[in-house]
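# A look at the structure
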Amino acid sequence: AILQLKEIQLQKMKNLGNVSYSVSALQRDLRLKTLPRKIECFDISNLQGTDTVASMVVFEDGKPKKSLYRKFIIKTVEGPDDFSSMREVIERRYTRLKEEAKPLPDLIMVDGGKGQLSSAVEILDNLGFTNYNIIGLAKRLEEVFLPNNSDPELIPKTSSGLKLLQQVRDEAHRFAITFHRARRSKRTIKSVLTDIKGIGPSIAKKLLETFGSVDSIQNAASDDLVKVIGKKKTELLLQYFKNK
């Protein structure tokens with residue numbers, strides 16, 4: 001009943017234009033001293049440890065600020081190690097922020113549970129940052145973790161603050177997945193199709209955009225291939241797959 005009352009009060013404040021409803025709810029849920037008006041969230045994406053990338057999305061006053069989004073190619077980690085990947089991206093992001101003498105966001109968020117959160121906290125402490133707000137949001141049960149606390153925060157599933165966190169996390173995940181697929185697709189074009197003499201990057205890209213994958217290209221009917229790349233290129237392609 002108390003939660004419901006506070007939600008109604010916050011909604012009325014929003015209608016009056018005084019405060020962002022979900023942001024105020026989040027401040028309440030996490031017991032923050034100031035409004036989390038600027039949130040930076042990180043997510044790691046890989047496929048069986050290959051082409052590992054990270055995303056950073058930024059929300060200001062509860063809304064995505066796409067001009068501030070950033071992509072990271074993980075450089076120092078071999079294999080599927082999300083903890084080490086998170087350490088690398090947090091270090092790169094906030095080392096740069098420190099060098100540029102820019103303030104930290106009101107809330108830092110990592111996609112994951114206690115492990116990812118601990119990795120991020122370790123780096124921020126090593127960089128000399130203090131008085132920062134950071135949380136982890138675990139996917140499985142939508143649990144929110146705070147530093148130095150092994151148990152998740154008890155935030156009602158209906159809270160507008162939790163829904164904002166889920167929206168931020170989902171956007172970071174989407175951005176990371178999109179970047180990862182683009183990287184993987186580019187590598188596939190380079191490593192397979194461009195090995196074929198007479199098939200350049202533009203033709204390879206056209207084939208992948210039309211058929212979706214190298215397997216689909218290999219199994220496509222020759223007439224369908226001719227419509228996309230012409231008879232001469234199709235003959236080169238079929239001969240390559242036959243020899244292979």
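That block above? That's the structure.
Residues numbered from 1 in each chain as written. Predicted model: local features only at pLDDT ≥ 70, side-chain atom pairs only at ≥ 80, totals over all residues. Heavy atoms only, no water.

## Details of the packing of helix H8 (residues 222–229) against helix H9 (residues 231–243)
Running from N to C, H8 and H9 point in directions that differ by 130 degrees, and their axes come no closer than 7 Å. The pairing of H8 with H9 is recorded here as oblique in orientation. Read as a crossing pair, H8 and H9 show a hand that is right-handed. Along its contact with H8, which presents Ser222, Leu225, Val226 and Ile229, the element H9 presents Lys231, Lys233, Thr234, Leu237 and Leu238. (Axes fitted to C-alpha atoms, helices over the stretch in contact; angles between N-to-C directions. Helix = DSSP H or I, 4+ residues; strand = E, 2+ residues; numbered from the N terminus. Parallel < 35°, antiparallel > 145°, perpendicular 65-115°, else oblique. Left-handed = near helix turned anticlockwise from the far one by under 90°. Contact = heavy atoms within 4.5 Å.)

## Regarding the environment of Lys242
Looking at the element boundaries, Lys242 is found in helix H9. The exposure class assigned to Lys242 is exposed, which follows from its relative accessible area of 68%. For Lys242 and Lys205, which are 37 residues apart along the polypeptide, the C-alpha to C-alpha distance reads 21 Å. (Buried < 20%, exposed > 50% of the residue type's maximum accessible area, 1.4 Å probe, protein only.)

## As for unusual backbone geometry
Unlike most non-glycine residues, Glu142 shows phi in positive territory, near 55 degrees. Turning to its location among the elements, Glu142 is positioned in the loop between strand E6 (134–138) and strand E7 (143–145). By relative accessible area, which is 23% here, Glu142 ends up partly exposed. Within the chain, Asn148 stands out as a residue other than glycine whose phi angle is a positive 60 degrees.

## Quick look at the packing of helix H6 (residues 201–211) against H8
Relative orientation of the contacting elements H6 and H8 amounts to 130 degrees, with a least axis distance of 10 Å. By the angle class used here, H6 and H8 are oblique. For the pair H6 and H8, the sense of crossing is right-handed. Residue-level contacts link Ile203, Lys206, Leu207, Thr210 and Phe211 of H6 to Asp224, Leu225, Val228 and Ile229 of H8. Residues belonging to the contact of H6 with H8 are distributed by class as follows: 6 nonpolar, 1 polar and 2 charged. (Nonpolar A, V, L, I, M, F, W, Y, C, P; charged D, E, K, R; others polar.)

## A closer look at H9
Taking 1.5 Å of rise per residue, 13 residues should cover 18 Å, and H9 covers 18 Å from first to last C-alpha, within 8% of that figure. Listed in full, the buried residues belonging to H9 are Thr234, Leu237, Tyr240 and Phe241. Looking straight down H9, one finds that the buried residues subtend no more than 125 degrees of arc, so they occupy a single side. Looking at H9, the residues exposed on the side facing more than 90 degrees away from the buried face are Lys231, Lys232, Lys242 and Asn243. Looking at the packing, one finds that the buried side of H9 touches H6, helix H7 (214–219) and H8. (Expected span 1.5 Å × (residues − 1). Arc of directions from axis to C-beta.)

## What to know about the pairing of E6
Burial analysis of E6 places 5 of its 5 residues in the buried class, which makes it a mostly covered element. Burial of the side chains of E6 extends over both faces: Ile134, Gly136 and Ala138 are buried on one face and Ile135 and Leu137 on the other. The pairing of strand E5 (residues 107–111) with E6 spans 4 bridges and is classified as parallel. What sits directly across from Ile108, in E6, is Ile134. Read from E5 through helix H4 (residues 114–126) to E6, the crossover connection turns out right-handed. Summarising the sheet, E6 and E7 pair through 3 bridges and their orientation is antiparallel. Within E7, the position partnered with Ala138 by the bridge is Glu143. Where E6 hands over to E7, the hairpin turn is made up of 4 residues, of which Glu142 adopts a positive phi near 55 degrees. (Pairing = 2+ DSSP bridges. Right-handed = clockwise from strand over helix to strand, strands pointing away.)

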